[in-house]
Amino acid sequence: MTSFVGVDLHRNNFTYCIRENGEEKKIGKCEISDLKGFASLLGKNTVMAVEATGNTFMFCRFLKAHVGRLVVVNPSQFKVISMSTKKTDRHDAKVLAEFLEKDMLPEVRMKDDLQAKISSLTQTREKLVQLRTVLKNKVNNLLAANFIVLKREELSTETGLRKALSFHFDPITDTEMFVVVEQIRSLNQSIEKLDKAIEDHGSKMDGFKNLKSIKGIGSKGAATLLSTIGNIHDFRSSKQLAAYIGIVPRVSNSNDTVCHGRITKNGSKIARTTLVQCALIAKRYSPYLHAFHESVKSRRGGAKANIALARKFLDIVYRTLKNNWMFEDFTQFKLVKN
């Protein structure tokens, strides 16, 4: 007999609901420290569902060997809980168990340990880059308030930062400028450390060398894409992978009317940005990609051409990983001889 278990997970404890044959059999609460005791209630005939939170990965890694199947639920796609008028841990666990039994939960793909950690590194890097941009804008605002204009890209170098500090206004502004510039310098160092870690550890992922053989994809780009894609064999086609990353258009179909809108952006923003950047570099070397980009650009403009190019480039990424290709000459699509 199959048991369906819904878990409402928190940092220190969790509430669970067990259903069998369409009926609620048990509901309870357990401390995270007593996972072994909870595992004794489970078995290979158990299917468990838990929402994706900060500690879901560790929770699932421990219980994976004690259940037949683990379903991690995407909370942004499962609105039944977030929009419920009755918001309690017991109710949430019950809802998860009920929908799990009906096989109606939006599932999140679980990555292996290395992929998850590289993905976390890329997310941390993205947040630091965003913070650095905010601080650079602050420096420009302080200078502009005193009728001094620097080129935006100047603050990306140490020379530009020193130039910003060379101006003196009043004690308050000078202090603020010094503190902000020092924070930018600190962020630069931290981002460099993260870049090195992403490249060093990302090189251990399956498919890294394959993607690196594609002209336009560097070490950081390969690691970022692989940490998002995970196991390429989870995707039946490049179209399915594109939908996962969120680089396919929205479709509205009503009666005989079909409308295609902007891309869904449902997946990883970091992966989409990386994909576009790598595709734009690759087109410099590939006549095929360059001709495709120019053709779309002449008809639909540069922005849409960039997205179309990234989608085309993703097809190449997909086939490269799926077929275990290694390019000897990517510009001519020449593979390394086995």
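Reference entry: report on the structure contained in this document. Computed from a predicted model, the values in this text were never measured in an experiment.

Thresholds, definitions, all that
- Residues numbered from 1 in each chain as written.
- Predicted model: local features only at pLDDT ≥ 70, side-chain atom pairs only at ≥ 80, totals over all residues.
- Heavy atoms only, no water.
- Helix = DSSP H or I, 4+ residues; strand = E, 2+ residues; numbered from the N terminus.
- Buried < 20%, exposed > 50% of the residue type's maximum accessible area, 1.4 Å probe, protein only.
- Contact = heavy atoms within 4.5 Å.
- Phe/Tyr/Trp six-rings, centres within 6.5 Å; stacked < 30°, edge-to-face > 60°.
- Salt bridge = Lys/Arg side-chain N within 4 Å of Asp/Glu carboxyl O.

Let us look at the environment of Lys 136. With respect to the helices and strands, the residue Lys 136 is situated in helix H5 (residues 113-144). Of the residues examined, Lys 136 reaches a relative accessible area of 14% and is grouped as buried. Sequence separation between Lys 136 and Val 181 is 45 residues, and the spatial gap between their C-alpha atoms is 8.1 Å. Excluding residues that lie within four positions of it along the chain, Lys 136 makes contacts with Leu 155, Ser 156 and Ile 184.

Summed over the entire model, instances satisfying the criterion amount to 10 aromatic pairs. Seen in terms of ring centroids, Phe 14 and Phe 38 are 4.8 Å apart; in terms of plane orientation they differ by 70°. Their pairing is edge-to-face. On the criterion of sequence distance, the pair formed by Phe 14 in strand S2 (residues 13-20) and Phe 38 in helix H1 (residues 35-39) is long-range, its members being 24 residues apart. Its relative accessible area of 0% is what places Phe 14 among the buried residues. According to the relative accessible area criterion, Phe 38 is buried, its value standing at 1%. Aromatic pair Tyr 16 and Phe 38: ring centres 5.0 Å apart, planes at 50°, arrangement tilted. You can see Tyr 16 sitting in strand S2 and its partner Phe 38 sitting in helix H1, a full 22 residues away along the chain.

Turning our attention to the pattern of salt bridges. Per the counting criterion, the structure on display carries 16 salt bridges. Lys 25 is the salt-bridge partner of Glu 23, the closest N and O atoms lying 4.0 Å from each other. Given the relative accessible area of 47%, Glu 23 is considered partly exposed. Note that Glu 154 is salt-bridged to Lys 163, the shortest N-O span being 3.4 Å. For Lys 163, a relative accessible area of 37% corresponds to the partly exposed category. By sharing partners, the salt bridges in this structure join Glu 158, Arg 162, Glu 182 and Arg 185 into a single network.

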